[in-house]
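Residue-level listing of the chains:
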Amino acid sequence: MLGICRGRRKFLAASLTVLCIPAVTWLYLFAGSFEDGKPVSLSPLESQPHSPRYAAAGQRERESLEVRVREVEEENRALRRQLSLAQGRAPAHRRGNHNKTYSMEEGTGDSENLRAGIVAGNSSECGQQPVVEKCETIHVAIVCAGYNASRDVVTLVKSVLFHRRNPLHFHLIADSIAEQILATLFQTWMVPAVRVDFYNADELKSEVSWIPNKHYSGIYGLMKLVLTKTLPANLERVIVLDTDITFATDIAELWAVFHKFKGQQVLGLVENQSDWYLGNLWKNHRPWPALGRGYNTGVILLLLDKLRKMKWEQMWRLTAERELMGMLSTSLADQDIFNAVIKQNPFLVYQLPCFWNVQLSDHTRSEQCYRDVSDLKLQKQLSELDEDDLCYEFRRERFTVHRTHLYFLHYEYEPASDNTDVTLVAQLSMDRLQMLEAICKHWEGPISLALYLSDAEAQQFLRYAQGSEVLMSRHNVAYHIVYKEGQFYPVNLLRNVAMKHVGTPYMFLSDIDFLPMYGLYEYLRKSVIQLDLASTKKAMIVPAFETLRYRLSFPKSKAELLSMLDMGTLFTFRYHVWTKGHAPTNFAKWRTATTPYRVEWEADFEPYVVVRRDCPEYDRRFVGFGWNKVAHIMELDAQEYEFIVLPNAYMIHMPHAPSFDITKFRSNKQYRICLKTLKEEFQQDMSRRYGFAALKYLTAENNS
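Residues numbered from 1 in each chain as written. Predicted model: local features only at pLDDT ≥ 70, side-chain atom pairs only at ≥ 80, totals over all residues. Heavy atoms only, no water.

It is at 9 Å that the axes of helix α4 (residues 146-163) and helix α5 (residues 176-189) come closest, and there the two elements cross at 30 degrees. As α4 runs across α5, the sense of the crossing is right-handed. In this structure, α4 contributes G146, Y147, S150, V153, V154, V157, K158 and L161 to the contact, and α5 contributes I177, A178, I181, L182, L185, F186 and W189. Across the contact of α4 with α5, the residue classes tally to 12 nonpolar, two polar and one charged. (Axes fitted to C-alpha atoms, helices over the stretch in contact; angles between N-to-C directions. Helix = DSSP H or I, 4+ residues; strand = E, 2+ residues; numbered from the N terminus. Left-handed = near helix turned anticlockwise from the far one by under 90°. Contact = heavy atoms within 4.5 Å. Nonpolar A, V, L, I, M, F, W, Y, C, P; charged D, E, K, R; others polar.)

Here it is, written out as structure tokens:
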């Protein structure tokens, strides 16, 4: 029953006090006329007698109803004009300090699947609701800790952005995990008129750690009690939200409720909708004291300035100490203490209507995303590009900032203490999702993945992962979502995102459509020691092979692989279409090699390598298909990395349908021309960075 109080996703529905005319229109359209208590259906499929008399009557009723709907819609437009004028006259209110600022931009147009609820309110109050000035900043505080809560916050923020018209300032009380994830997300989202401040939750633990708490939220579930002390001293008011909230209306309507507070009212809360505080859920059920059903703290309006003057800190601490003498611990975290304070001081509460915090059933919205903001992203960089350049779109991609959600699922891993640990790094899109389970079965070590997905695909991936026993049993796989934007697949950006968040000393730079040999993880860790990667610049090459068979009996040893090569079941990778890519690996030598051997760089070489975590990033100018790995290997060579082939390592490419990008490369002449141009520019940049030593790359390219 605890889940009824706190566990389910909550939903904020709009009051009819502002939106009464649209709601009346909705009632007319979907419920019909209620004259004489008899609803009139608008559906032609409704079972009615099929006589001409009934048909004529139905036609008259429909025509009459259409007239009424048009009248209501005209009233609606008039009301909106009045509200717009009123907003222009509304007074401004003081704003709090802005410590850190992250500019964000909305996503790419995927509408969020929201949850629908019952819209309730008194339509007679229409037009009396205080309005919020258009440019007034609305302050929102959220306590967020860990991976799962960070994911919930994204849904909450999207729902707020979906409806908002005002600048927003989010105050996030976050642990180190949530701050890392959300700071990156907001920095790369870039929605204008949104500010974000982070407050270190770990520093606040001592304020509430003395309170025994049985609630699943743990110590973080108590931190809303200390917001008057945590938030800036000049911040007068704030809306406090649980992470599992979803908005169905403009948050300004909730912000406007502050105007209704009177006297000593300093807390805006909705009455609890469960029977928890009534104490009759089971025999010997003994909840904390509360007024009647108590209040739910999933949504709180805090009048911070008055709370501080009332010495809120002292008030809740004394109450908690007194009640804990008999209750021993809290069951619902901060909610129990808020209710105990309110029981003693009922004058503190302004009771919000129930529609501001309800638990709901599923519903889908299909409106277009909020687009009343200008596109500020890329303004400076793009102004330097020539829009008449035939390769403008390629160059633009290099500067595109993609919204990025780090650690989309729970991640937990401590690198080995011997400093030999290796993380497999790869990137993928939705069409390669089926490879994840197989890779997890072949590689037991940590994995860092960047997934290029739309918002809708991210939710599909979440359901896929949560339904997979293999994936859910692995906590050492980091999934980083890079949201889709632009017309090209940003392959090297994805690789860089995955590389940047590797927590081990070494990385195995792979691709998602390769299966590593069984035991490769341990073999690479031993090779790290053998080849002294810690103190030398080496790139260990894992030889790459491929099969054209969708079902393959995977070789369990080098001897078995060589046998399959001889039988034609396996081939060296891309030998028939791009021999140069892996020819320097020297597969003929590898067949009989028993010790690592060095090979020299050659033009178009693109092996899969194991390197230290501090290796160069991939060059972002290369998108889609072509030269994305070649350029990286060239840079490793320019930085004097040695290429060492491992004699007992191998990986096998599994067959799949051609990607969209390789199809464009093969069919689009302009695509190939631009790729050639970008290659030449990259080589020129190499010459500037590495001087005379880089001339060999241009010479090798001309001779190839």
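Still to come is the rest of the account.
So, on to the pairing of strand β17 (residues 506-509). Residues Y506 and F508 of β17 are buried on one face, and the alternating residues M507 and L509, pointing to the opposite face, are buried as well. In the sheet, strand β14 (residues 422-429) pairs with β17 via four bridges, with the strands oriented parallel. Directly across from V425, in β17, lies its bridge partner L509. The sheet contact formed by β17 and strand β23 (residues 608-612) spans four bridges and is antiparallel. (Buried < 20%, exposed > 50% of the residue type's maximum accessible area, 1.4 Å probe, protein only. Pairing = 2+ DSSP bridges.)

What follows deals with the nonpolar core. In this structure, L449, F461, Y479, F508 and L524 are the most contacted members of the largest nonpolar core, which totals 116 residues. Beyond its immediate chain neighbours, meaning those up to four positions away, Y479 contacts H405, L406, Y407, F408, L409, L436, L449, L451, F461 and L471. Counting 90 residues, the second-largest nonpolar core is a separate cluster that includes I138, A141, W189 and L267. (Core = buried A, V, L, I, M, F, W, Y, C linked by side-chain atoms within 4.5 Å.)

Further remarks concern empty space enclosed by the protein. Using the criterion set out here, one finds six cavities of 30 Å³ or more in the structure. Approximately 100 Å³ is the volume found for the second largest cavity. Along the walls of the second largest cavity sit 13 residues, with L509, P607, Y608, Y618 and K629 positioned nearest its centre. Within the residue set of the lining of the second largest cavity, elements represented by two or more residues are α17 (491-500), β23 and α21 (628-638). Classifying every residue of the lining of the second largest cavity gives eight nonpolar, two polar and three charged. (1 Å grid on protein atoms, 1.4 Å probe; cavity = no way out; pocket = protein on both sides within 12 Å on 5 of 7 lines; lining within 4 Å. Points joined across faces, edges and corners; volume = space filled by probe spheres on them.)

What follows covers the packing of aromatic side chains. Using the criterion set out here, one finds 23 aromatic pairs in the structure. Centre to centre, the rings of W255 and F258 are 5.3 Å apart; their planes meet at 80 degrees, and the pair counts as edge-to-face. Residue classification places W255 among the buried positions, given a relative accessible area of 3%. Of the residues examined, F258 reaches a relative accessible area of 5% and is grouped as buried. Arranged with centres 6.5 Å apart and planes meeting at 25 degrees, the rings of F554 and Y650 form a pair that is stacked. Here F554, found in the loop between β20 (544-546) and α19 (558-567), pairs with Y650, found in the loop between β24 (642-645) and β25 (651-653); they are 96 residues apart in sequence, far enough to count as distant. Given the relative accessible area of 2%, Y650 is considered buried. A connected cluster of aromatic rings, assembled from ring pairs, spans W255, F258, F261 and Y350. The ring of Y483 carries R403 above its face, with NZ or CZ at 4.0 Å from the centroid. (Phe/Tyr/Trp six-rings, centres within 6.5 Å; stacked < 30°, edge-to-face > 60°. Lys NZ or Arg CZ within 6 Å of the ring centre and 35° of its normal.)

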